[in-house]
Amino acid sequence: MSTDRARVDVDPSVTTLQATPRITTLTKDALQTIRDHGAESFPYECCGALIEVDGVVVEAFRMENTTLGGAARRFRIGPDGYRLADKRARERGGALVGFYHSHPNEPARPSTYDLEHAWPNLTYVIISVRAGTPADITVWHLRDDRSGFDEGELKWPIGS
Amino acid sequence: MAHRVLIPTPLRPYTGQKDAVEVDGGTVGEALASLTTNYKDLRKHLYADDGKLRHFVNIYVNDDDIRYLERDATKLKDGDVISIVPSVAGGAPGPALGEAQSAESKGTELNKAEFERYSRHLILPEVALEGQKKLKAGSVLCIGAGGLGSPAALYLAAAGVGRIGIVDFDAVDASNLQRQILHSTPDVGRPKLQSAKDRLEALNPEIKIETFEARLTSANALELFRGYDVILDGTDNFATRYLVNDACVLLGIPNAYGSIFRFEGQASVFATKDGPCYRCLYPEPPPPGLVPSCAEGGVLGVLPGVIGTIQATESIKLILGAGSTLVGRLLLYDAWGMRFRELKLRRDPACPVCGDHPTIKQLIDYEEFCGVKPAPAGSATVPETTVEELKARIDAKAPIFILDVREPHEYQVARIAGSTLIPLGQLDSRYGELPPASAGREIIVHCKSGVRSAKAVNLLKEHGIEAKNLKGGILAWIDKIDPSQPKY
């Protein structure tokens, strides 16, 4: 997996690669959903919830982007959406562990806007979509003191 | 009083993984203070540095968002459950819509003349230099330079809003001067945009006035609105009002709304983040013709002065990002009884444009939506006659019966000689006063401009009485046949 190291408009102190990154494991299906959703929504941002069962994100649950700030650069999942995602996770016998969104024509790195709006203890997956084609995909966790994000590591099973 | 607070997953590490905790307090504010005292690590995630709740933190009491209750002051009853529900937001780097302008305010400076001009703002701590710079960097687009747009644009210009756009396509008419205070007697006949621009530039040469001589349509609205901080809706018809609302929601630009009718006005702020929109309040337009326009129903001249000024007040607070705006509230004003009332509004999750699953994602045909599209050729229309034909038949002493369906006070201003007055509202019970078909007199119905009389023709038809509508009403009669009578 190549990682886009360009840092466009992001304060370098905002993101750090940890020596021992937290690992997030996705099923191939979940990964494919995120890639497809990002491509279909281009040039707008897509968003959705990450549902984990037994330590593996088994579903990327597509959600409506309800931003009022222009979906080309913003996404929003409102309180009703959050509750819907939480319900979905419980129905699957799992947990809502985080969210994914796309960055159309921008690197897969958190923006300062992402930082200002982030929740702790959630997994944030970002996919870069360039000219409609899914590119890099990364995962991030907000630091407890809200000073920035730590980059995690994404894994998915080979084959299956 | 003890209450339960439900804790969402991301915050549970700070409550010892508990999904619900007990707190004390008589109001939401007190309960949250109790919560963050007991669980100190929650504070920085719930509150921003300025002590306000982070705006992606939603607090519910039972099923109600406290933004639509009394916010922090919302009183708690025994057994109320408080829920903390996250909104999740983020996005690509760079400013989204509306943020670009406010960022510019950092580079905005005032000149010496502006320091003098805005002195009374500068000494208000709530506005001060920082606020005045925001106003200078701010922009408002006024839809219409009429009754509402006039006072609104004057106060926005006086307040120093740096860029004011106006969309209008009309010329000044003498009947406008009773309320449209941007225009003066010598302006009659000039395009409204010209007299508006002259007046506003004379009031404040430090600001930029942009004029757009166009009818607002689905084809041009998004392009016109883009780049403005606030849209001020001063329109006089439902089709344009829904168009303004939807365009504001789609672009994420707040809509400072106002409307007036006879002695009553209303105002609110729509299409803000998380706030309701016009469609949440009125999902469907009224049937065409039910609510008369100002031209049909009349309006107290000073009424738009009050409502337009409220719209300007809301626009200024939106630009300043301060004060309490009318988001989530509909202000009703009755000029005749001199009373203000307030209704609570909330965003409708099922709203087709701003709801959770919107079905309207681009602008639609609003005339069709409001049922005011001209009837397609070949469809049933009411039989009509023209003022010239009517005059010829009167002169020829042809057997006709002229029915006036206006109100008595309108009849006093101008009338067609020999006509009989039965107001539209009474016609259903008084149609027996019309001559029987056996009399051989053709019935010609008129009102002020032809809208009410068309309804009257249809109503008579239901009673088996044939009649013709006078096209253009008495206004056309005065224009073409009898200019000695006053128009109103």
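If you're wondering where the values come from, they're calculated on a predicted model, not measured in any experiment. (Residues numbered from 1 in each chain as written. Chains lettered and ligands numbered in written order. Predicted model: local features only at pLDDT ≥ 70, side-chain atom pairs only at ≥ 80, totals over all residues. Heavy atoms only, no water.)

Visitor: Just to check I follow, could you spell out the overall build of chain B for this structure?
Guide: In terms of regular secondary structure, chain B is built from 19 helices and 19 strands. Looking at the 488 residues of chain B, the share that counts as buried comes to 49%. Approximately 22700 Å² of chain B is accessible, and the part contributed by carbon and sulfur atoms is 54%. (Helix = DSSP H or I, 4+ residues; strand = E, 2+ residues; numbered from the N terminus. Buried < 20%, exposed > 50% of the residue type's maximum accessible area, 1.4 Å probe, protein only. Areas by Shrake-Rupley, 256 points an atom, 1.4 Å probe, with all protein chains shown as cover.)

Visitor: Hey, could you run me through the overall build of chain A in this one?
Guide: From N to C terminus, chain A includes three helices and ten strands. Each helix (α) and strand (β) of chain A, taken in turn from the N terminus, gives the series β-β-α-β-β-β-α-β-α-β-β-β-β. Restricting to contacts in chain A with at least 6 residues of sequence separation, those with at least 24 account for 65%. A total accessible area of about 6700 Å² is found for chain A, and carbon and sulfur atoms account for 50% of it. (Contact = heavy atoms within 4.5 Å.)

Visitor: How should I be thinking about the interface of chain B and chain A in this particular structure?
Guide: Think of interface size as the accessible area that goes away when the parts come together; that is how it is often given. Contact residues are listed per partner, giving 41 residues for chain B and 38 residues for chain A. Taken over both partners, the interface formed by chain B and chain A buries close to 3600 Å², and the fraction arising from carbon and sulfur atoms is 55%. For the pair chain B and chain A, the number of links is two salt bridges. The partner of glutamate 64 of chain A in a salt bridge is lysine 361 of chain B, and the shortest N-O contact between them spans 3.7 Å. Summed over the shared surface of chain B and chain A, the result is eleven residue pairs in polar contact (both at pLDDT 80 or more). Sorting the residues of the side of chain B that touches chain A by element identifies α2 (43-46), β3 (57-61), β5 (81-86), β6 (88-90) and α10 (238-251) of chain B as the ones contributing at least two each. Of the residues that constitute the side of chain B that touches chain A, the class distribution is 21 nonpolar, eleven polar and nine charged. Inspection of the sheet shows strand β5 (residues 75-77) of chain A paired to β6 of chain B by three bridges, in the antiparallel sense. (Buried area = accessible area lost by both parts, 1.4 Å probe. Salt bridge = Lys/Arg side-chain N within 4 Å of Asp/Glu carboxyl O. Polar contact = N/O pair within 3.5 Å; in protein donor to acceptor, adjacent residues only side chain to side chain. Nonpolar A, V, L, I, M, F, W, Y, C, P; charged D, E, K, R; others polar. Pairing = 2+ DSSP bridges.)

Visitor: When you look at the environment of leucine 475 of chain B in this model, what are you seeing that I'm missing?
Guide: Residues and elements named next belong to chain B. Inspection of the secondary structure puts leucine 475 in helix α19 (residues 473-480). For leucine 475, a relative accessible area of 22% corresponds to the partly exposed category. Residues leucine 475 and proline 486, spaced eleven residues apart in sequence, show a C-alpha to C-alpha distance of 9.2 Å. Beyond its immediate sequence surroundings of up to four residues, leucine 475 is in contact with Lys448, Ser449, Lys487 and Tyr488.

Visitor: Sorry if this is basic, but what is going on with the sheet that holds strand β4 (residues 64-65) of chain B here?
Guide: Within a sheet, each strand pairs with its neighbour through backbone hydrogen bonds, oriented either parallel or antiparallel. Residues and elements named next belong to chain B. Spatially, β2-β1-β5-β3-β4 is the arrangement adopted by the five strands of the open sheet, whose pairing is mixed. Pairing within the sheet leaves two strands with one partner each, and these edge strands are β2 (20-24) and β4. The pairing of β3 with β4 spans two bridges and is classified as antiparallel. The partner of tyrosine 60 across the bridge, within β4, is aspartate 65. Strands β1 (2-6), β2, β3 and β5 of the sheet are contacted by helix α1 (residues 28-38), whose axis makes an angle of about 120° with β2. (Axes fitted to C-alpha atoms, helices over the stretch in contact; angles between N-to-C directions.)

Visitor: What am I meant to see in the pairing of strand β19 (residues 467-470) of chain B here?
Guide: Two faces belong to every sheet, and in a regular strand the side chains alternate between them. Relative to β19 of chain B, strand β15 (residues 384-385) of chain B runs parallel, the two sharing two bridges. Bridge assignment links threonine 385 of chain B to a residue of β19 of chain B, and that residue is leucine 470 of chain B.

Visitor: Before we go on, may I ask you to explain the sheet that holds β15 of chain B in this structure?
Guide: Residues and elements named next belong to chain B. If you walk across this open sheet you meet the five strands as β15-β19-β18-β16-β17, and the pairing is parallel. Looking at which strands have only one partner, the edges of the open sheet turn out to be β15 and β17 (420-421). In the sheet, strand β16 (residues 400-404) pairs with strand β18 (residues 442-446) via five bridges, with the strands oriented parallel. Residue pairing across strands places leucine 403 opposite valine 445, the latter belonging to β18. In the packing of helix α18 (residues 451-462) onto the sheet, the strands contacted are β16, β18 and β19, and the crossing angle to β19 comes to about 175°.

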